[in-house]
Every structure is written in structure tokens, then in C-alpha cells.
Amino acid sequence: YNLVYFKDAASLYVNLFVPSSVTWNHRGTEVLVEQETGFPESDSTSLSVRPSREDHFAIKFRVPRWTRNVKVRVNGASLPVRCEPGTWAAIERRWKDGDRVTIQLPMRLALAPVDDLHPHRVALQYGPVVLVRDQQPILRPQAKDPSDWISRSAKALEFEAAGQKQGPVVPFYRLGFGTPYNMFFDLTA
């Protein structure tokens, strides 16, 4: 579990949002944590916490730089947790068998420059997902805020560009082998 989860003497860290489980020994208490998620198609992940006996410790989770307004629920109740993008958020409490944490990581459209030397050549992202478009027609970004000219289609994680030749904008990972695509686009305005 070296990439999905980390630990220290007082905390279990959730680094990646993938279906998984981990067993952690916290000062003699065996703690099983099971993560259920459809991430990135879903912006939520749920953690079932199953300590062998009630115990006080922290579960910390990575707050990605691309998210804002993270919501945390424990056993269905909202919990005020400081969730600063680019940091670790902590839920410290006395845990009992069957506690459930739900974390919502809202995603938004953003333009990511290739590098500092090419600030007008950008990739389109939705949260952590890089979006691509079939090789034809080429996408022509219209403004710095992609939500002004890109909208979601009826299909999950599929987008359309308003006022441009039709062709869906989809996650890079959905493309089949050998499919021609465009990942980087030049800003036109």
C-alpha cells in the first residue's frame, strides 16, 4: 500500500482515490479501511473504517490542488474539516467499527499551460483528468475560463465546445490504441 496509503504513529494517510483496502496497526489496534469509489467518473470516495476496538487516531487525506469546496461527511453528518488545496486534511476522532467517511472532491474545467515558455499552448483538464479531442476538428479555446465555452454532454466525463465544429472532448484514458487525438491547443483569445 505504499502509494495509496501512508502511515505514521498517529495517522493513516489516504493518498490516492482508488477502490482498495488497507490494514493498519495503530498501537495494538488493527484498523481495516476499505475505500469505495468510481473516481474520476465520480467526484466522491467513501472510506469504511473498521478498528478491532474503538480507538482515537487521525485519517488524513490528500486535497488535490485542482479542487475547491471539499465536503466531508462522517456517518452521514457534515463535518467541518480544513481542506486547503495542495495539503493534507485531517479527520481526528475516536473511531468505532462501521464508521463511514465520504469525501467529495468537486472537479472543474481548467486550462493547463504546457510550460512557462508556452503559456498560450494549453491542455484542457477536468479535475485531474486530461481531456482530448479527436484529431479533427481541432479545438479552438475561446477564453481563459473553459466553463464559458465547454459544457458537459449527457455522457459521463464527455464535453462539447459551443460554437465549434462538433466532436466530443473526452478523457485521454478512454482513447483506444492508435486513435489520433489532440491534447494541446492554442488559445485564440
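Residues numbered from 1 in each chain as written. Predicted model: local features only at pLDDT ≥ 70, side-chain atom pairs only at ≥ 80, totals over all residues. Heavy atoms only, no water.

**A short note on the pairing of strand 3 (residues 20-26)**
So, point 1. Alternating residues of strand 3 divide into Ser-20, Val-22, Trp-24 and His-26, all buried, and Ser-21, Thr-23 and Asn-25, none buried.
So, point 2. When strand 3 meets strand 4 (residues 29-37), the two strands line up antiparallel, connected through 7 bridges. The residue of strand 4 that forms the bridge with Ser-21 is Glu-34.
So, point 3. Counted along the chain from strand 3 to the antiparallel partner strand 4, the turn is 2 residues long, and its residue Arg-27 has a positive phi close to 50°. (Buried < 20%, exposed > 50% of the residue type's maximum accessible area, 1.4 Å probe, protein only. Helix = DSSP H or I, 4+ residues; strand = E, 2+ residues; numbered from the N terminus. Pairing = 2+ DSSP bridges.)

**Focus on the side chain of Thr-67**
So, point 1. Within the fold, Thr-67 resides in the loop between strand 6 (55-63) and strand 7 (71-74).
So, point 2. Judged by relative accessible area, which is 0%, Thr-67 ranks as buried.
So, point 3. Polar contacts involving the side chain of Thr-67 include one to the main-chain carbonyl oxygen of Pro-106, which spans 2.7 Å. (Polar contact = N/O pair within 3.5 Å; in protein donor to acceptor, adjacent residues only side chain to side chain.)

**Remarks on the side chain of Thr-37**
So, point 1. Looking at where Thr-37 falls in the secondary structure, it is placed in strand 4.
So, point 2. Thr-37 sits in the buried class, given a relative accessible area of 17%.
So, point 3. A polar atom in the side chain of Thr-37 sits 3.0 Å from the backbone nitrogen of Phe-39.
So, point 4. At 2.7 Å, the side chain of Thr-37 forms a polar contact with the backbone oxygen of Ser-44.
So, point 5. Those residues in contact with Thr-37 that sit more than four places away from it in its chain are Phe-17, Val-18, Pro-19, Ser-44 and Thr-45. (Contact = heavy atoms within 4.5 Å.)

In short, shape yes, function no, at least from these values alone.
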